[in-house]
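# Examining the three-dimensional arrangement
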Amino acid sequence: MLVLAVVAVALGVTVFVRGGSDAAPRAQKSNRELCTPGTPRTVLCPDNKTFDAKEYATHGDAFECINFASQADAQAVLRANPSDPNHLDDGGGVACRGLPEPRDAEPVPQIAQQFKCGPGETRSGLCPQPDRAFEARYFLRYGNDAYDCPDFASQADAQAVLRFAPTDPNHLDGERKGIACPDLPGPKDVKPVRRGTP
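Residues numbered from 1 in each chain as written. Predicted model: local features only at pLDDT ≥ 70, side-chain atom pairs only at ≥ 80, totals over all residues. Heavy atoms only, no water.

Turning our attention to the overall build of the protein. A count of helices and strands for the protein gives five helices and zero strands. Ordered by position in the sequence, the α and β elements of the protein form the string α-α-α-α-α. The 198 residues of the protein split such that 34% are buried. Total accessible area computed for the protein in this model is approximately 12000 Å², and 60% of it derives from carbon and sulfur atoms. (Helix = DSSP H or I, 4+ residues; strand = E, 2+ residues; numbered from the N terminus. Buried < 20%, exposed > 50% of the residue type's maximum accessible area, 1.4 Å probe, protein only. Areas by Shrake-Rupley, 256 points an atom, 1.4 Å probe, with all protein chains shown as cover.)

Under the criterion given, the structure shown has four disulfides. Bridging Cys117 to Cys127, the disulfide has an S-S length of 2.2 Å. What sets the handedness of the Cys117 and Cys127 disulfide is the S-S torsion sign, and at about -110 degrees it is left-handed. Of the two residues, Cys117 is situated in the loop between helix 4 (109-114) and helix 5 (155-164) and Cys127 in the loop between helix 4 and helix 5; the sequence distance between them amounts to 10 residues. (Disulfide = S-S within 2.5 Å.)

This next bit is on the confidence of the model for the protein. Mean pLDDT for the protein: 84, with 82% of residues reaching 70 or above. Put simply, helix 1 (residues 2-34) is where the protein has its lowest mean pLDDT, 43, and helix 5 is where it has its highest, 97. Here residues 1-30 scores under 50 on pLDDT; set against residues more than four positions off or in separate chains, the count is one contact. (pLDDT = per-residue confidence, 0-100. Contact = heavy atoms within 4.5 Å.)

Owing to its 3.6 residues per turn, the α-helix aligns residues three or four sequence positions apart on the same side. With seven of its 10 residues buried, helix 3 (residues 71-80) lies for the most part within the structure. Of the positions making up helix 3, those classed as buried are Gln71, Ala72, Asp73, Ala74, Gln75, Val77 and Leu78. Check the buried side of helix 3 and you find it contacts helix 2 (53-56) and helix 4.

Take the side chain of Asn48 next. Note that Asn48 resides in the loop between helix 1 and helix 2. Overall, Asn48 belongs to the buried group, its relative accessible area being 13%. Here Thr39 takes part through its backbone oxygen, which lies 3.0 Å from a polar atom of the side chain of Asn48. In contact with Asn48, other than residues within four places in its own chain, are Cys35, Thr36, Thr39, Pro40 and Arg41. (Polar contact = N/O pair within 3.5 Å; in protein donor to acceptor, adjacent residues only side chain to side chain.)

Another point: unusual backbone geometry. Between Glu101 and Pro102 the backbone carries a cis peptide bond, its omega angle lying at -5 degrees. Following the sequence through the fold, Pro102 ends up in the loop between helix 3 and helix 4. Going from Gly186 to Pro187, the amide bond is cis rather than trans, its omega being 5 degrees. For Pro187, the position within the fold is in the segment after helix 5. Even without glycine at this site, Cys96 takes up a positive phi of about 45 degrees. Take Cys96: its relative accessible area is 2%, and that puts it in the buried class. The backbone of Cys181 sits at a positive phi, close to 45 degrees, despite the residue not being glycine. Secondary-structure assignment places Cys181 in the segment after helix 5.

In structure tokens, the structure reads:
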């Protein structure tokens, strides 16, 4: 009786695993069938050429960051409708910072001008007050090239982020000399960081 139960469980696991492995190719095949020429570019069809930002900006809160193939596509939607019905803005007019390249981190002016610094906001280019607390981890929360030098209030703040993460996921040290954003205003911290490997 016990042997029969073990065999039944083993067969069930085999069927489940085989079904799961067969299901993935079917899903991929159907995605390829959906990604015909002229289909808008999305996370499911990231290589398609067609993308109409206005299509994503006129349906209310219908889309999220995960619907877009790249950060630049989400930013195009935010530009098309700065009232941001999809709630894509991560703060200061930049949409979906955690999405992959290509990137467009130039803030949408209408949104950036209206940005209000909350009491708990970390010091940044948008909230540059020197007495405001600074949290380096805030600028590493997406784990990829999500922030640029203009996002920082000072060179020392950018350097603190590089010091905290020497692999430099934000590419703040373009010359790989261990100094982040050398053209930003002071205060300055130009003691080089020994760079880690990404």
